[in-house]
Amino acid sequence: MIALRQLPRLLRIAGMLARYRIDEVLPPSRRPRALAWLRAILPAPGAGLLALPRGERLALALTGLGPIFVKFGQILSTRRDLLPADVADALTQLQDRVAPFPPAQARAAIERSLGGAIEARYASFDDVPLASASIAQVHAATLAGGREVVVKVLRPDIHARIDADVALLRALAGVVERTHPSADRIRPQEIVDEIETTLTNELDLQREGANASLLRRNFAGSDDLYVPEVFWSHTSPGVLTLERVRGIPVDDLAALDAAGIDRIALAEKGVRLFYTQVFRDNFFHADAHAGNIWVDATRTADPRFIALDFGIMGSLPERDQYWLAENFLALFNQDYARIAELHVRAGWMPANARLDELEAAVRTVCEPYFTRPLSEISLAEVVVKLFEVARRHDLTLQPQLILLQKTLLNIEGVGRLLHPQIDIWATAKPVLEKIWYRRRGPRALLKALRRRVPEWLAAAPDMPQLVHSYLSQATTGSMELRIASDDLRRIERRLRHGQRATAWLSFALVAAIAAALLDGGAPRMSLLAAVAAGVGALLALGGALRARRADDVRNR
């Protein structure tokens, strides 16, 4: 429930959206009436504001609302499949053009975090920031040995502002859970959890340094990607000091062409890098918009990317990684039945889903794309539409895949920007097949077995005793089932009675066999053994029936 203390913030959000006429971004049929009502009671905006294009007004509104909304705008700026081109272009300014905070505050924050004066830590420090974003801003500096670095410092009071906005989002998610008919599939609280986790991770600059360090190690000596060095002696949770790098922003096409960069080779490398990070390393840059990717201007024939801003990195559980790779491979091979089967087996859709209907829906989405030249197919667009189809068939939203989907959209957007005719499918398919074979091939299997064998050997001495204890409990009926719900308790009681029935039957059969063996198969003893078996079976059956009737009486 939305608390009273959150109402002012909620009203400010609605008022900001109404003041900047944000409803004009939406089609007329989808414009909220509430915003139109607010426009009627709020003071009219100035003529200068109304003269601005709708995309610029949206960017200004999101900037005024704070970091969470700036992040939302950054994501929107990459979704050119959903937004008009003018709106997407205007939102790109949110990537590194947020108004800076005063240098005195930056210096004070750095000194508090590093425990010493700026002059004692850095040989020089530039008060004019190189960039200012929603979470932090960056200043140029040099170390005592003359090494050029950049210093990233968090915005003042950023923790409190984000905590307040996350609390509001959580309250709104609670409203959605109680009112939306598909809340069980959307899982709004889990989405808020993902947003909160992402922002919390971004607020820990030491964690960002660790991310950069791991990514640098994964691509050490690579001709495809360069990651700047972290200076740990000048890094803390509130300050990050990195090697200063220089390059051309990936969206500055004029500068890339002037430098003689092979944009086609660069675009293909970008696609390969995505699949390498996701499926080889299971550690990928999840904020790869144009503002965070530069190009090394010193390498023209064999261009290389430079990665920046490591606050949002992604990884997947091994299980999801497997299902995702198999889905991609099935998509590349136009195996629609396999895609339907994988969605159910992965647990992304109910087990009772009609596979034939799902296969037909996937085919309906994909077939129109495969009639085009491969260079005109947008893999990201196909994936988005497949998610929409799956939602109509009761898809359970997987929050852990949100970052991956966003990154795929970013990477394909960059690839299309550099080389509009890039064949995404032809570039991606061999890379994924090669990486996945290495991950799942015979050598990988043997390597995994070698890693597990010591664990198995360590547990081996205990296995005979564990098996003996389990069998003893199973045959004596002493096995305990700790179950919470009433329905499962009834199942537990019936299982116990069933175990006793099984024990009686087993005893009777053993007695019959023993009697027959001891008496040499004499008819009299065999008859006695059969009678004993029958009596034992009747006792066991009667006990089970009495227990079931007692359960039924208690349940009435």
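Report on the accompanying structure. Please read these numbers as outputs of a predicted model, since none were measured by experiment.

1. Brief notes about the overall build of the protein
Part 1: For the protein, the count of helices and strands is 24 helices and 11 strands.
Part 2: Taken across its 556 residues, the protein has 43% of its residues classed as buried.
Part 3: Intrachain contacts of the protein at a sequence separation of at least 6 include 67% that bridge at least 24 residues.
Part 4: With the model as given, the accessible surface of the protein reaches about 29300 Å², and the carbon-plus-sulfur share is 59%.

2. Quick look at the pattern of salt bridges
Part 1: Enumeration over the complete set of coordinates arrives at 21 salt bridges.
Part 2: Note that D224 and K269 form a salt bridge whose closest N and O atoms lie 3.2 Å from each other. Remark: K269 occurs in helix α14 (residues 263–281) and D224 occurs in the loop between α12 (205–218) and β5 (225–226); sequence separation between them is 45 residues.
Part 3: D224 sits in the partly exposed class, given a relative accessible area of 24%.
Part 4: Since its relative accessible area comes to 5%, K269 is described here as buried.
Part 5: Between E359 and R363 there is a salt bridge whose closest N-O contact spans 3.0 Å. Highlighted residues: E359 and R363, both in helix α17 (residues 355–370), separated by four residues, approximately one helical turn.
Part 6: Salt bridges here are not isolated pairs; linked through shared partners, they connect D223, D224, K269, R299 and D302.

3. A closer look at a positive patch on the surface
Part 1: Judged by side-chain charge, K447, R450, R451 and R452 come together as a positively charged surface patch.
Part 2: Of note, R451 is situated in helix α21 (residues 442–459).

4. A few points about a nonpolar patch on the surface
Part 1: On the surface, L445, L446, L449, V453, W456 and L457 cluster together into a nonpolar patch covering about 600 Å² of accessible area.
Part 2: With respect to the helices and strands, the residue L457 is situated in helix α21.
Part 3: Residue L457 is classed as exposed on the basis of its relative accessible area, which comes to 60%.

5. Topic: the side chain of T142
Part 1: Tracing the backbone through its elements, the reader meets T142 in strand β3 (residues 136–142).
Part 2: Residues within four places of T142 in sequence aside, it is in contact with Y122, A123, S124, R147, E148 and V149.

6. Topic: unusual backbone geometry
Part 1: Phi at D157 is positive, roughly 60 degrees, even though this residue is not glycine.
Part 2: Residue placement: D157 occurs in the loop between β4 (148–154) and α9 (158–179).
Part 3: The class for D157 is exposed, based on a relative accessible area of 62%.
Part 4: With a phi close to 50 degrees, N282 is a non-glycine residue in the positive phi region.
Part 5: The residue N282 is located in the loop between α14 and β8 (284–285) in this model.

7. Observations regarding empty space enclosed by the protein
Part 1: The tally for this structure, following the rule as stated, stands at four cavities of 30 Å³ or more.
Part 2: By volume, the second largest cavity amounts to about 210 Å³.
Part 3: Along the walls of the second largest cavity sit 18 residues, with L273, Q277, A288, I293 and I411 positioned nearest its centre.
Part 4: At the level of elements, α14, β8, β10 (305–307) and α19 (402–418) are the ones that each hand at least two residues to the lining of the second largest cavity.
Part 5: Across the lining of the second largest cavity, the residue classes tally to 12 nonpolar, six polar and no charged.

8. Considering the packing of aromatic side chains
Part 1: Enumeration over the complete set of coordinates arrives at nine aromatic pairs.
Part 2: Taking the centre distance of 4.9 Å and the plane angle of 85 degrees together, the rings of F274 and Y275 count as edge-to-face.
Part 3: Take F274: its relative accessible area is 3%, and that puts it in the buried class.
Part 4: Taken together, a centroid distance of 6.2 Å and an interplanar angle of 35 degrees make the contact between Y322 and W436 tilted. Note that Y322 is positioned in helix α15 (residues 318–332) and W436 in helix α20 (residues 424–440), a separation of 114 residues in sequence.
Part 5: The exposure class of Y322 is partly exposed, given its relative accessible area of 24%.
Part 6: Since its relative accessible area comes to 5%, W436 is described here as buried.

9. Here's the deal with the packing of α14 against α15
Part 1: In contact at an axis separation of 10 Å, α14 and α15 are set at 140 degrees when each is read in the N-to-C sense. As summarised for this structure, α14 and α15 are arranged oblique, according to the angle between their axes. On α15, the residues that touch Y275, V278 and F279 of α14 are Q321, L324, A325, F328 and F332.
Part 2: The class makeup of the residues in the contact of α14 with α15 is seven nonpolar, one polar and no charged.

10. A look at the sheet that holds strand β7 (residues 248–249)
Part 1: Strand order in this open sheet of four strands is β5-β10-β9-β7, and the pairing throughout is mixed. Of all the strands in the sheet, just β5 and β7 have a single pairing partner and so form its edges.
Part 2: Bridging between β5 and β10 involves two bridges; their strand directions are parallel. Across the sheet, the residue bridging to L225 is F305, located in β10.

11. Re α12
Part 1: For α12, with 14 residues, the first-to-last C-alpha span of 20 Å sits near the 20 Å given by 1.5 Å per residue.
Part 2: Listed as buried for α12 are L205, E208, G209, N211, A212 and L215. Down the axis, α12 shows its buried residues gathered within 160 degrees of arc, on one side only.
Part 3: With a side-chain oxygen lying 3.1 Å from the backbone nitrogen of Q206, the N-terminal cap of α12 falls on D204.

12. Digging into the pairing of β4
Part 1: In terms of residue burial, β4 counts as a mostly covered element, since six of its seven residues are buried.
Part 2: Bridge count between β3 and β4: seven bridges; the pairing is antiparallel. Looking across to β4, one finds that H139 is bridged to V151.
Part 3: In sequence, β3 turns back onto β4 through a hairpin of five residues, with G146 there showing a positive phi of about 95 degrees.

Conventions we followed
- Residues numbered from 1 in each chain as written.
- Predicted model: local features only at pLDDT ≥ 70, side-chain atom pairs only at ≥ 80, totals over all residues.
- Heavy atoms only, no water.
- Helix = DSSP H or I, 4+ residues; strand = E, 2+ residues; numbered from the N terminus.
- Buried < 20%, exposed > 50% of the residue type's maximum accessible area, 1.4 Å probe, protein only.
- Contact = heavy atoms within 4.5 Å.
- Areas by Shrake-Rupley, 256 points an atom, 1.4 Å probe, with all protein chains shown as cover.
- Salt bridge = Lys/Arg side-chain N within 4 Å of Asp/Glu carboxyl O.
- Patch = residues over 30% accessible without salt bridge, like charges linked within 9 Å, V, L, I, M, F, W, Y side chains within 5 Å.
- Lys, Arg positive; Asp, Glu negative; His and termini not counted.
- Charge placed at Lys NZ, Arg CZ, Asp CG, Glu CD.
- 1 Å grid on protein atoms, 1.4 Å probe; cavity = no way out; pocket = protein on both sides within 12 Å on 5 of 7 lines; lining within 4 Å.
- Points joined across faces, edges and corners; volume = space filled by probe spheres on them.
- Nonpolar A, V, L, I, M, F, W, Y, C, P; charged D, E, K, R; others polar.
- Phe/Tyr/Trp six-rings, centres within 6.5 Å; stacked < 30°, edge-to-face > 60°.
- Axes fitted to C-alpha atoms, helices over the stretch in contact; angles between N-to-C directions.
- Parallel < 35°, antiparallel > 145°, perpendicular 65-115°, else oblique.
- Pairing = 2+ DSSP bridges.
- Expected span 1.5 Å × (residues − 1).
- Arc of directions from axis to C-beta.
- Polar contact = N/O pair within 3.5 Å; in protein donor to acceptor, adjacent residues only side chain to side chain.

Don't take any of this as a statement about function, it's just geometry.
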